[in-house]
Amino acid sequence: MKCRNVCCYRWSSEERLDGKTAIITGANTGIGKETARDLARRGAHIVMACRDLERAEEARTDIMEDTGNENVVIRKLDLSDTKSIRAFAEIINKEEKQVNILINNAGVMMCPYSKTADGFEMQLGVNHLGHFLLTYLLLDLIKRSAPARIVVVASVAHTWTGLRLDDINSERSYDTMKAYGQSKLANVMFARSLAKQLQGTGVSVFSLHPGVVQSDLWRHQHQCIQVAVKIFRIFTKTTLEGAQTTIFCAVESGLESESGGYFSDCAPARCSRAASDDETAQKLWEISCNLLGITWQ
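Residues numbered from 1 in each chain as written. Predicted model: local features only at pLDDT ≥ 70, side-chain atom pairs only at ≥ 80, totals over all residues. Heavy atoms only, no water.

**Student:** Looking at this model, I keep getting lost on the overall build of the chain. Mind explaining?
**Tutor:** Of the regular secondary structure elements, the chain holds nine helices and ten strands. Counting the 297 residues in the chain, one finds 55% classified as buried. In the chain, 76% of the contacts between residues at least 6 apart in sequence involve partners at least 24 apart. Only carbon and sulfur atoms are counted for the fraction: they give 49% of the accessible area of the chain, which is about 13400 Å². (Helix = DSSP H or I, 4+ residues; strand = E, 2+ residues; numbered from the N terminus. Buried < 20%, exposed > 50% of the residue type's maximum accessible area, 1.4 Å probe, protein only. Contact = heavy atoms within 4.5 Å. Areas by Shrake-Rupley, 256 points an atom, 1.4 Å probe, with all protein chains shown as cover.)

See the structure below:
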């Protein structure tokens, strides 16, 4: 039995995940933590993939005490450093017998211009390239675990701009909002492309807009914007409400036919025309592989 209220902020399901393994990036805070809490409550083995281990341990303790599920572990993952991503994937491939759910949740939002350890523009590097590489490195294990799901937390911000393929790292000019929008557009395109590649494998892929969520992602914004978010918080979602579409995509039965789709408020939604451009998506795929030094056909 499952139900949703009018705004779909609180979706519920009795689906159990006993014996399943779920990896959630950025699981120590915000909607990532609420997602981890929900899946733990359903009996899943949770791998919290986090950069800040101190905050992750606090979140892990909270989740275990709240759910009674002690099968929750923390593994170090810094998505702004490909060495960290590779080290994390090596541990997972060695320690875990299966990965049934991978939730690419972690991200940075409209931050000042900076670069990752590998020289990528930070928002593109963390939000898209980091998760692109992580998924690539775990994909064989995920396919062996089928039926499995890959959930990519994108944003309606993907509608804000197109891809700047000739300046993907914003080296010639940088606009915080456009760079964020580009990274989220890349998320949606990646999910669509990956779903097509994985047809017939038993692995489904979804991207989603969680809503305008009250979280610390707003920390880089101008003080005026932060004040506005607080004033209009009645129109925004709590982290618990913002996690619902992620959880929906991870556990709702019968979604396999929607693989590659974009979701909002626990239902299929329309992505932008740019996000549906398969030719540009293929170019993005090739550029991503080149930047990361991998071969992924």
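Once you've had a look at it, read on.
**Student:** What exactly am I supposed to notice about the pattern of salt bridges here?
**Tutor:** If the charged atoms of two oppositely charged side chains come close together, the side chains can form a pair. Counting across every chain of the model gives 15 salt bridges. When the shortest N-O distance is used, the salt bridge between D66 and R41 registers 2.7 Å. Of this pair, D66 sits in helix α2 (residues 53-67) while R41 is found in helix α1 (residues 30-41), placing the two residues 25 residues apart along the sequence. Overall, D66 belongs to the partly exposed group, its relative accessible area being 40%. The residue R164 makes a salt bridge to D167 at a minimum N-O spacing of 2.9 Å. (Salt bridge = Lys/Arg side-chain N within 4 Å of Asp/Glu carboxyl O.)

**Student:** I would appreciate a short explanation of the sheet that holds strand β5 (residues 72-76) in the present structure.
**Tutor:** Across a sheet, paired strands are connected by hydrogen bonds in the backbone, their directions being either parallel or antiparallel. Across the sheet, which stays open at both edges, the eight strands sit in the order β5-β4-β3-β6-β7-β8-β9-β10 with mixed pairing between neighbours. Two strands in the sheet have a free side with no partner beyond their single neighbour: β5 and β10 (267-269). With strand direction ignored, the average angle separating the axes of adjacent strands in the sheet is 25°. As defined by bridge partners, strand β3 (residues 21-25) adjoins strand β6 (residues 101-104) across three bridges and the pair is classed as parallel. The residue bridging A22 from the neighbouring strand is I101, located in β6. Across the sheet, helix α3 (residues 82-95) is in contact with β3, β4 (45-50) and β5; its angle to β5 comes to roughly 145°. (Pairing = 2+ DSSP bridges. Axes fitted to C-alpha atoms, helices over the stretch in contact; angles between N-to-C directions.)

**Student:** What exactly am I supposed to notice about the packing of aromatic side chains here?
**Tutor:** Geometry of an aromatic ring pair is reported as the spacing of the ring centres plus the angle between the planes. A full pass over the atoms with the stated rule returns eleven aromatic pairs. Arranged with centres 6.1 Å apart and planes meeting at 75°, the rings of F190 and W296 form a pair that is edge-to-face. Of this pair, F190 sits in helix α5 (residues 176-197) while W296 is found in the segment after α9 (278-292), placing the two residues 106 residues apart along the sequence. For the residue pair F190 and W296, the accessibility class agrees, reading buried in each case. Members of the aromatic cluster, connected to one another through ring pairs, are F132, Y136, F190, W285 and W296. (Phe/Tyr/Trp six-rings, centres within 6.5 Å; stacked < 30°, edge-to-face > 60°.)

**Student:** Whenever I open this one, the pairing of β3 confuses me. Can you help?
**Tutor:** Where a strand is regular, its side chains alternate between the two sheet faces. For β3, the buried fraction is high: five of the five residues fall into the buried class. Residues T21, I23 and T25 line one face of β3 and the alternating positions A22 and I24 line the opposite face, and both faces are buried. Where β3 meets β4, five bridges bridge the pair, whose relative direction is parallel. Paired with I24 across the bridge in β4 is M48. Tracing the backbone out of β3, into α1 and back to the parallel element β4 gives a crossover that is right-handed. (Right-handed = clockwise from strand over helix to strand, strands pointing away.)

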